[in-house]
Each structure stands twice: as C-alpha cells, then as structure tokens.
Amino acid sequence: MSATLAVTLSLWVIAAVLALFAWRKGPEVLSGAARHGVLDFLYLIPRLAIGVIGSGFLAALLPQDVVRSWLGPDSGVTGLLLATLAGALTPGGPVIGFAIGATALKSGAGYLAVMTYVTAWALFAFQRLIVWELPVMPTRVVWLRVAASLPLPILTAWGVMLLTGRG
Amino acid sequence: MSASDPPPQKPRSLIDGSTLFVLALVIAGAVIVFRREGVAGLTHILTEDSILFLDILPKVLAGCLIGAFVAAVLPREFVSRWIGADSGVTGLVIATAVGAIMPGGPFTIYPLAGALLAIGAGVGPAVAFVTSWTLIGLNRAIIWEAPFLGVDFVTTRMIVSLPLPILAGLGAHWLARIVPGGPR
C-alpha cells in the first residue's frame, strides 16, 4: 500500500511542478490547462467506474482453468499463439494476468508460454484497451500500436529461449 | 490533412459503444458470480473493486492534469524535434526511456501519450512510449509483477523486452505512413 501511496505522491509532485511552469507562462495558461485536465478526468470516470469496478466480474467471466490449460507445457508455435490469445482475453487491472501466470507456472505451464501470456496481456488486454486507452488516445494510433505489437509476445518467447536456453 | 494540422479531437460522448460492450460483459460476469456465490459473492467483489476504484481516482486526476500541463508547457517545436514523426531512432529511444521510468499506470501513460500526440509527437515515439511502460516500466514490474512471478522471471522478461518498444515504435511508424487517415 505504501508503494502505491508513493506513486500517488510522486504523480502529484510532477503535476505541481508542471503547474508551476504553466503558471509562469501565464495564469490563463494554468487555468486553461487545469480545466482541460479536469474535463478529461470527468470524461474518464464513467468508463473507469464500469471497467474498474466491473473488473472482478470480468475475471469471473474468464474461465481461469481454461486459460491455464491453454498455457500448457507446449512451447511450440501453437502453444505460444494460444498463450497470446489468452493474454488478450484476460481483463486488465494491475494483477489478474500476473496472478493467473503465477498459478499456471506452479501447475506445470511452460515457462515460455507464461512469458508469452504475460507479455500479450500487457500489450493487448482488451478491457484496458477499451477502458483506458481508446478514450484518451487517437483511435488510429491505438490500432496501429496493436498491429505493430502483434509479433512481440512470440519475439519475447524467442528471446527468453536464446537468453536462458529454456525450450 | 497535412502533417502539421493538430489531430482531430476525439468525439466525446459520455458513454460509447465499446463502454457498453464492457458493461454488458460486466453484467454477464455479475450474473455468473451471483449464480455461483449468491449475494455475498456479488457484494464481496463489488466492495473490493469499489475500493480499488476510489484508490485510483486521485491518480487518474493527477494523470489527466499531467497530460494537460505537459501539452500547455512543452513547446510544439521541442516535442516534434525530439519525438516527432521525423525524430528517427533517437525519438524512439527517448520515448522508451521516459516510458520506462514514468511513475504511475494507465492513468498517467495514456493521457500523457494523447497529450504528446496532440502537440507534435510522432506515432512511432508515442507507441514506443506506451509499449515501454507496459513491457519494461519499472514501477509496474516492481510493485505488481515481482510479488507474483518472482524477481528472476521479471528480470529475464525485462532484459528480453528492452528492444521491443523500439521495434513496436518502428513498426507503428511504418504502418502510419501506409495506413491513411491521420498523421504520422
């Protein structure tokens, strides 16, 4: 908890320093930007309320044992593609993907498959995409990002294989 | 539209199709939880996630303000020179470095990336920035990933992921040139 408090504090320190710079450019610059920021915030709230408060229910929708069975010991291309798909289908939020990855590792999933899964979840979790990313980023850039990132989970598995010799 | 035009403002409606889609999934999930665990299961998840929601609100506000202040403070020439569409690999490296050390979570990264795009950042660097936070962001790895998967796993994953934000940025940069409908 203290770690997340430190994050909150450092964010507000950054915001305060930036506010000071904005104020030096003129009080109207500061007030205009503050208004803009608050409007962005208000715009996000209903999405976040649904996406974040609902994330526990989304997790319930995800059959976790099915996902874990997708992360089998198989580290062939099919196994890695399944792991990628599983990552994209896992809801966002800070921990769900890591938690599933950890239990999968303990119940015999392949190391590379879990690497692939965690990376795909970080890149593509559909709920994070809808709730957090699309509201504040240009839609085109979001989809360009997704397209450009498609090979990354498999590249990660390949890199881990080269680095650690695990197959 | 020429490359120097600001990107169009996103159309803003309070609730849009994709949000309704998530809402439908959430309701379906709630029904499943109710049938499996009854009202107690529902209230348990609802309480836990409401606390999470309240906990992130101050961070979300800070993130939105940071995005707005950055857009107001950073000169457009400065942004487009260092992380613009023509900043090349230098821009991708800068964006990757900033994404890796930027504190916070989705509540800072996406508003900031949106703000930078609006004041002259290129698609490639913006994608490198977001990808860097997701794959090699220190704060995320230390606070959330290491407790679950262990330091070895996280370190290995991060070393291997180091070049990936730059690759994603390059890919997005090239795609942005061939996919019509917006700036580079």
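As annotated in an unreviewed UniProt entry, chain A carries the name Permease and is attributed to Phreatobacter oligotrophus.

Time to look at the overall build of chain A. The helix and strand tally for chain A stands at 10 helices and zero strands. Along the chain direction, N to C, the helices and strands of chain A fall in the order α-α-α-α-α-α-α-α-α-α. A globule of 167 residues ought to have a C-alpha radius of gyration of about 15 Å, yet chain A, at 20 Å, is considerably larger. The principal-axis extents of the C-alpha atoms in chain A amount to approximately 60 × 35 × 35 Å. Within chain A, the proportion of its 167 residues that are buried is 53%. Counting only contacts in chain A whose residues sit at least 6 apart along the sequence, the fraction spanning at least 24 positions is 77%.

Turning next to the environment of Gly-150 of chain B. You can see Gly-150 of chain B is positioned in helix H6 (residues 138-161). A sequence separation of 47 residues divides Gly-150 of chain B from Pro-103 of chain B, and the C-alpha atoms of the two residues are 21 Å apart.

This part covers the domain arrangement of chain A. Residue and element names in this part refer to chain A. Assigned domains of chain A: these are domain 1 (1-61) and domain 2 (64-166). Here domain 1 and domain 2 have C-alpha centroids that lie 27 Å from each other. Listed as interface residues are nine residues of domain 1 and, on the opposing side, seven residues of domain 2. Of all the secondary-structure elements, those providing two or more residues to the side of domain 1 that touches domain 2 are helix H2 (27-53) and helix H3 (55-61). Residue contributions to the side of domain 1 that touches domain 2 peak at six residues, all from H2. Partitioning the side of domain 1 that touches domain 2 into residue classes produces five nonpolar, two polar and two charged.

Another aspect to go through is the interface of chain A and chain B. With 74 residues of chain A at the contact, the number on the chain B side is 78 residues. Looking at the side of chain A that touches chain B element by element, the count peaks at 18 residues for H2 of chain A. Class assignment of the residues belonging to the side of chain A that touches chain B gives a composition of 50 nonpolar, 17 polar and seven charged.

When a protein is soluble and globular, its nonpolar side chains tend to lie buried together. Formed by 112 residues in total, the largest nonpolar core has its most connected members in Leu-71 of chain A together with Ile-66, Phe-69, Ala-113, Leu-116 and Ala-126 of chain B. Among the elements that make up this core, the one with the highest residue count is helix H1 (residues 17-73) of chain B (19 residues). Viewed by domain, this core spans two of them, domain 1 (1-61) and domain 2 (64-166) of chain A, each represented by three or more residues. Once residues within four sequence positions are removed from consideration, Leu-71 of chain A is found in contact with Ala-83, Ala-86, Ala-104, Ala-109, Ala-113, Val-114 and Tyr-117 of chain A.

As a further point, take helix H8 (residues 126-136) of chain A. Residue pairs three or four apart in sequence face the same way in an α-helix, which turns once every 3.6 residues. Counted residue by residue, H8 of chain A has nine buried out of 11 residues, so it is predominantly covered. Of the residues making up H8 of chain A, those classed as buried are Gln-127, Arg-128, Leu-129, Ile-130, Val-131, Trp-132, Glu-133, Pro-135 and Val-136 of chain A. Next to the buried residues of H8 of chain A lie H2, H3 and helix H9 (139-149) of chain A together with H1 and helix H4 (106-118) of chain B.

All names here are of chain A. The UniProt record annotates "transmembrane region" (unreviewed entry) at residues 6-23, 44-62, 82-102, 109-130 and 142-163. Its end C-alpha atoms 29 Å apart, residues 109-130 is made of 86% helix and 0% strand. The span residues 142-163 shows a helical share of 91% and a strand share of 0%, and its end C-alpha atoms are spaced 31 Å apart.

Looking now at the environment of Leu-175 of chain B. With respect to the element layout, Leu-175 of chain B can be found in helix H7 (residues 164-178). Separated by 74 residues in sequence, Leu-175 of chain B and Ile-101 of chain B place their C-alpha atoms 27 Å apart.

Cut-offs used in this document
Residues numbered from 1 in each chain as written. Chains lettered and ligands numbered in written order. Predicted model: local features only at pLDDT ≥ 70, side-chain atom pairs only at ≥ 80, totals over all residues. Helix = DSSP H or I, 4+ residues; strand = E, 2+ residues; numbered from the N terminus. Rg over C-alpha atoms; globule rule 2.2 N^0.38 Å. Buried ≥ 20, exposed ≤ 12 C-beta atoms within 10 Å, placed from the backbone. Contact = placed C-beta atoms within 7 Å. Domains from an automatic or database assignment. Nonpolar A, V, L, I, M, F, W, Y, C, P; charged D, E, K, R; others polar. Core = buried A, V, L, I, M, F, W, Y, C linked by C-beta atoms within 7 Å. UniProt positions renumbered as here; feature names shortened; annotations may be inferred.

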